[in-house]
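The residues making up each chain are set out below.
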Amino acid sequence: MTDRWTEAQLRKQLYWVLALEWAGGTWYVSTAPLEILDGADKITAIPGLVDVPDVEEALDLWATDQPTLSVALSFVLPVDVPALISKGHDLAGAKATLCQHAYGDTWAERRVVVQGQLVDPEYDAAGEPITCSVEEQISDDQTTLPFADVTINEATFQVGTGLITTLVDDHLGAVVPLVYGTPGGGVVPGSPAYLLGAGPTGVELIYVLACHTVAAATVVLQAEDLTTSPAVPVSHWTLDDGRVVAYATVTTGFTASRDVRVLWGDGAALADETGEGIVGAGDLMAYILRRTTLRVDWGRLEGQRQQLNAYELGGYVDEPVAVGEYLRSVLLDVLPAGLVVGPEGVYPLVWRWAATTADAICDLDTDVDVDVDRVSRVGYSGADEIASTISLRYRLDARQDDYSASQLIAPAPELTFDSLSSPEVQVSYARFGDRRLSRETAVVHDAVTAVRVVQWLAARYALPARSVTYAVGPRLAWLQRGDVVTLTDSEIAASSQVCIVESIRWLDDGGLGVTLRYVERRG
């Protein structure tokens, strides 16, 4: 399938095609009669789409709702729809794919726009249009964290199987956590450890650490009286059902304790399929998404992974939570990225807040290009969210349940070691005065990542954002949301202004309505 249209394809006529799996077959409906090669076969699309679909692909990095791609449709099928429904062929939930086809291409070269299910369909008499939406959203996935639901009980951790000779009842019913990165940064305790009982000889104590393979070679345990163990090796045990847990064995030099925390100072907790530790946000998101039932755009995720890996994250999950909720409310809360639904599935899209002209893939120049026409005024947004001083509390201490480090970005660096400044907050202070924003995060534990977080927060909140919309001709319909471009428009005094494509809307003539968000010049 085509991910981004080429200039050669855009010289052809583009058609919308709906592929609907319903009533025991697949129906192909388009805006015109088409015959499309599909390998050795041929697809015949009937002219049943009533209107050109109104499709907008937007980049809303700070949305709190679940990402959804939904397109309203109206189409006619050459069958008696009410009669088929009466026989049990329900339209609601039928699988559907809306795509674009460049005339003369094969079916394999189509560009998928949305792949999901029919939502809220309405129908009338035979021959009348069906109205509905085709929708795909992350809530369709029911995967929860931790992936391996390991609960401490007599059935899971059986006495006399080689791991333990006794099972204490202090933590019965507790969920063994999923632990990733290096929570606590090796400085403060980052996650709990649960005492299972005595080991094979009856002398050692067995503490379970995580419900998965751990990359770190050793850990340090902290007792409730704050004494710590020597660095003890991390071992693994395979349960009867094949699930793997990580544990540590303590024999001497440690106060026997039932309230224990773990210091991760010798490598990452969570290991990937190769045994390598996962610390970067991009690697972590890839690991999580691989274990869901979501349709994931792996190519786009891979393209964003390096930028996301600049942010090192760590934390633990010890009670069930939906993957989508955790990604949005915990991980993406500290990342300049959003989770979006695209033609090939779900993927993270990074907001390139520090983009320069060198990053631009094209120049939209209204002064010389008749295919670029401004259709809106330049607007400001975000004035009610302005902040000139931003603080981040991080490195959560799992023992004290409080943050042990902070990072500040301010108009003038204060006389503290955790303060820095930027042109954005300096201009913000000069224009709007002292406005403050405080954030806390349980998943950042190192100073480098903390600095990167407050820097992008400053780019986001220090100044109002400017945006403007243009209509571009079919020749430029290869543009996609998230692209970096430069804008030249003498009427609004824009000269090679760096912008990010915030949204695209397909127009009836095959062109695009493109909304650009300014990347404000710095310094």
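In the block above lies the structure referred to throughout.
Residues numbered from 1 in each chain as written. Predicted model: local features only at pLDDT ≥ 70, side-chain atom pairs only at ≥ 80, totals over all residues. Heavy atoms only, no water.

Visitor: Tell me about the overall build of the chain, residues and numbers included.
Guide: Within the chain, the regular secondary structure consists of seven helices and 32 strands. Structurally, the chain occupies a C-alpha span of about 80 × 65 × 35 Å along its principal axes. Within the chain, buried positions represent 51% of all 523 residues. When contacts within the chain are restricted to residue pairs at least 6 apart in sequence, long-range pairs at least 24 apart make up 69% of them. Accessible surface, the chain as shown: approximately 22600 Å² in total, 48% of it carbon and sulfur. (Helix = DSSP H or I, 4+ residues; strand = E, 2+ residues; numbered from the N terminus. Buried < 20%, exposed > 50% of the residue type's maximum accessible area, 1.4 Å probe, protein only. Contact = heavy atoms within 4.5 Å. Areas by Shrake-Rupley, 256 points an atom, 1.4 Å probe, with all protein chains shown as cover.)

Visitor: Kindly report on the sheet that holds strand β15 (residues 232-238), identifying the contributing residues and their values.
Guide: Strand order in the closed barrel formed by six strands is β12-β13-β16-β15-β14-β17, and the pairing between neighbours is antiparallel. On average, each strand axis in the sheet is inclined to that of its neighbour by 45°, with strand direction left out of account. Summarising the sheet, strand β12 (residues 191-198) and strand β13 (residues 205-210) pair through four bridges and their orientation is antiparallel. From the neighbouring strand, Leu 195 faces β13, where its bridge partner is Tyr 207. (Pairing = 2+ DSSP bridges. Axes fitted to C-alpha atoms, helices over the stretch in contact; angles between N-to-C directions.)

Visitor: So, the sheet that holds strand β26 (residues 402-409): which residues are in play, and what are the values?
Guide: The four strands are arranged β27-β26-β25-β28 in an open sheet whose pairing can be described as mixed. At either margin of the open sheet sits one strand with a lone partner, and together these are β27 (419-420) and β28 (436-440). Bridging between strand β25 (residues 389-397) and β28 involves five bridges; their strand directions are parallel. Note that in β28 the partner of Arg 393 across the bridge is Glu 440. Strands in contact with helix α7 (residues 447-461) are β25, β26, β27 and β28; relative to β25, the strand with the most contacts, it is inclined by about 150°.

Visitor: Can you tell me about the pattern of salt bridges, naming the residues and giving the values?
Guide: Within the structure shown, the criterion is met by 28 salt bridges. Glu 273 serves as the salt-bridge partner of Arg 290, at 2.9 Å between the closest nitrogen and oxygen. Of this pair, Arg 290 sits in helix α3 (residues 281-290) while Glu 273 sits in the loop between β17 (260-263) and α3, placing them 17 residues apart in sequence. Judged by its relative accessible area of 35%, Arg 290 is partly exposed. For Glu 440, the salt bridge is made with Arg 393, and the minimal N-O distance between the two is 2.8 Å. With a gap of 47 residues between them, Glu 440 in strand β28 and Arg 393 in strand β25 connect regions that are remote in the sequence. Exposure remark for Glu 440: the relative accessible area of 44% places this residue in the partly exposed category. (Salt bridge = Lys/Arg side-chain N within 4 Å of Asp/Glu carboxyl O.)

Visitor: Lay out the side chain of Thr 486 in plain terms, naming residues and giving numbers.
Guide: Note on placement: Thr 486 falls in strand β30 (residues 484-489). You can call Thr 486 buried: its relative accessible area is 7%. If near-sequence neighbours (up to four positions away) are discounted, Thr 486 is found in contact with Thr 357, Ala 360, Cys 362, Asp 363, Leu 364, Ser 496, Gln 497 and Val 498.

Visitor: Give a description of the environment of Gln 497 that names residues and reports values.
Guide: Relative to the assigned elements, Gln 497 resides in strand β31 (residues 494-506). Counting along the chain gives 376 residues from Gln 497 to Pro 121, while the straight-line C-alpha distance between them is 44 Å. Excluding residues that lie within four positions of it along the chain, Gln 497 makes contacts with Arg 466, Val 485, Thr 486, Leu 487, Tyr 518, Val 519 and Arg 521. From its side chain, Gln 497 meets the backbone oxygen of Val 519 in a polar contact 2.9 Å long. (Polar contact = N/O pair within 3.5 Å; in protein donor to acceptor, adjacent residues only side chain to side chain.)

Visitor: Quick one: what's the story with the environment of Asp 80, residue by residue and with numbers?
Guide: Following the sequence through the fold, Asp 80 ends up in the loop between β6 (68-75) and α2 (81-86). With 45 residues separating them along the chain, Asp 80 and Ala 125 place their C-alpha atoms 7.9 Å apart. Here the side chain of Asp 80 touches Ala 83 through a polar contact of 3.2 Å, landing on its backbone nitrogen.

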